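Architecture and fold: a report
Chain residues, written in single-letter form:
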Amino acid sequence: MSGRGHDRLLFTAVLILVGLGVVMVYSASAIRAQERFGDPAFFLKKQILWALIGVTGMVWLMGRDYRGLRPFILPLLFLAFGMLVLVLVPGIGVKVNGARRWLRLLGFSFQPAELAKLALVGYLARLLADKEEPRSRSQRRAPFTLTPSPGTSTRTSIPNARKRRGRMKGRRPR
């Protein structure tokens, strides 16, 4: 791990946070898992499996040059956008607790908003890494006006948004 200059402190922090998350899932779901499935560790086992898959993916990506992912960012962004649209189509998007935010494919359910977050971060990183200056005002603003999924908590972060919001309402920013 140290051969390529990886940040050990960051890696350790991620592992601690994943471990704490697994413990929290067990703490919050053991009683419900016992009532529904007869196994208090039902959700714990699933969470550990996905945590192991995630950590394995992270370690695998740590050994790769991140610049090799650059050609895949734009297709991933369009795929995520397409999936966000599919969520809204009745019969394809799955309604859970009154909200249609899920897709079910090959026995797996997932929220395309999560893929959209990853794709958007990659796209914005790629955009900001480019040395070329934007040619027009709309090109500068376009990436920051994307909203990955309507009606969810997924939003694009805009620097100094509070100051801008204050000016738009005629108030002075604090």
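What counts and what doesn't
- Residues numbered from 1 in each chain as written.
- Predicted model: local features only at pLDDT ≥ 70, side-chain atom pairs only at ≥ 80, totals over all residues.
- Heavy atoms only, no water.
- Helix = DSSP H or I, 4+ residues; strand = E, 2+ residues; numbered from the N terminus.
- Buried < 20%, exposed > 50% of the residue type's maximum accessible area, 1.4 Å probe, protein only.
- Contact = heavy atoms within 4.5 Å.
- Polar contact = N/O pair within 3.5 Å; in protein donor to acceptor, adjacent residues only side chain to side chain.
- Phe/Tyr/Trp six-rings, centres within 6.5 Å; stacked < 30°, edge-to-face > 60°.
- Expected span 1.5 Å × (residues − 1).
- Patch = residues over 30% accessible without salt bridge, like charges linked within 9 Å, V, L, I, M, F, W, Y side chains within 5 Å.
- Areas by Shrake-Rupley, 256 points an atom, 1.4 Å probe, with all protein chains shown as cover.
- Salt bridge = Lys/Arg side-chain N within 4 Å of Asp/Glu carboxyl O.
- Pairing = 2+ DSSP bridges.
- Axes fitted to C-alpha atoms, helices over the stretch in contact; angles between N-to-C directions.
- pLDDT = per-residue confidence, 0-100.

1. What to know about the environment of R100
Assignment of secondary structure puts R100 in strand β2 (residues 99-105). On the accessibility criterion, R100 (27% relative accessible area) is partly exposed. In sequence terms R100 and Q111 are 11 residues apart; their C-alpha atoms lie 9.6 Å from each other. Apart from the residues lying within four places of it in its own chain, the contact partners of R100 are V87, L88, V89, P90, G91, G93, V94 and K95. Looking at R100, its side chain comes within polar contact range of the main-chain oxygen of G93, at 2.9 Å.

2. Some details on the packing of aromatic side chains
One pair of aromatic rings is described through two measures. These are the centre distance and the angle between the planes. Applying the stated criterion across every chain yields a total of four aromatic pairs. With centroids separated by 5.7 Å and ring planes inclined at 80°, the aromatic side chains of F37 and F43 adopt a geometry described as edge-to-face. Given a relative accessible area of 42%, F37 falls into the partly exposed group. A centroid spacing of 5.2 Å and a plane angle of 80° characterise the contact between F42 and F43, whose relative ring orientation is edge-to-face.

3. Considering helix α3 (residues 70-87)
Taking 1.5 Å of rise per residue, the 18 residues of α3 would be expected to cover 26 Å, and the 27 Å separating its terminal C-alpha atoms lies within 8% of that figure. Three or more residues of α3 are buried, namely I73, L77, A80, M83, L84 and V87. Summarising the contacts, the buried residues of α3 are in contact with β1 (93-96), β2, β3 (108-110) and α4 (112-129).

4. A closer look at a nonpolar patch on the surface
A contiguous nonpolar patch, built from L49, W50, I53, L105, L106 and F108 and spanning about 690 Å² of accessible area, is present on the exposed surface. Looking at the nonpolar patch element by element, the count peaks at three residues for helix α2 (residues 42-62). Within the element layout of this structure, L106 appears in the loop between β2 and β3.

5. Some words on the sheet that holds β1
Sheet strands pair via backbone hydrogen bonds, and the direction of the pair is either parallel or antiparallel. A sheet is described by the order of its strands in space; here three strands give the open sequence β1-β2-β3, paired in antiparallel fashion. Each of the sheet's edge strands pairs with one partner strand only, and the pair in question is β1 and β3. Each neighbouring strand pair of the sheet contributes to a mean axis angle of 45°, computed without reference to strand direction. Bridge count for β1 against β2 is four bridges, and the pairing is antiparallel. From the neighbouring strand, V96 faces β2, where its bridge partner is A99.

6. A short note on the confidence of the model for the protein chain
Atomic detail in the predicted coordinates should be set aside for any region of low pLDDT. Across the protein chain, the average pLDDT comes to 79, with 72% of residues at or above 70. Confidence scores differ between elements of the protein chain, with helix α6 (residues 161-168) showing the lowest mean pLDDT of 49 and helix α1 (residues 8-37) the highest of 94. Within the model, the stretch residues 156-165 combines pLDDT values under 50 with 13 contacts to residues more than four positions away or in other chains.

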